Amino acid sequence: MQRTTFREQPAAIWEFTFQGRARPFRAIDLGYGREGGREYDIYLSAPEAEWDTHRPVFDHVRDGFRA
């Protein structure tokens, strides 16, 4: 997990892998917001072998997200 900022608010991004029932998966999670206020989470997971196909979906959603 790595601290960062997103939309000028405190954020954390976490990229990780995990073992699914049939194959390994990869995931990314961006959480941001201020404590006591609204907090948001953008998450994507996909089979690790297909990550390069699915990761751009996360980037597209992150870049277009409006609270």
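Residues numbered from 1 in each chain as written. Predicted model: local features only at pLDDT ≥ 70, side-chain atom pairs only at ≥ 80, totals over all residues. Heavy atoms only, no water.

A closer look at the sheet that holds strand 1 (residues 2-6)
Okay, so step 1: Spatially, the four strands line up as an open sheet ordered 1-2-3-4, and their pairing is antiparallel. With one partner strand each, in any of the chains shown, strand 1 and strand 4 (39-47) form the two edges of the open sheet. Sheet twist, expressed as the mean angle between neighbouring strand axes with direction ignored, is 25°.
Okay, so step 2: Note that strand 2 (residues 9-19) and strand 3 (residues 24-33) share nine bridges and pair antiparallel. Its bridge partner lying in strand 3, Phe16 is registered against Ala27.
Okay, so step 3: With respect to the sheet, helix 1 (residues 51-64) is in contact with strand 1, strand 2, strand 3 and strand 4, its orientation differing from that of strand 4 by roughly 165°. (Pairing = 2+ DSSP bridges. Helix = DSSP H or I, 4+ residues; strand = E, 2+ residues; numbered from the N terminus. Axes fitted to C-alpha atoms, helices over the stretch in contact; angles between N-to-C directions. Contact = heavy atoms within 4.5 Å.)

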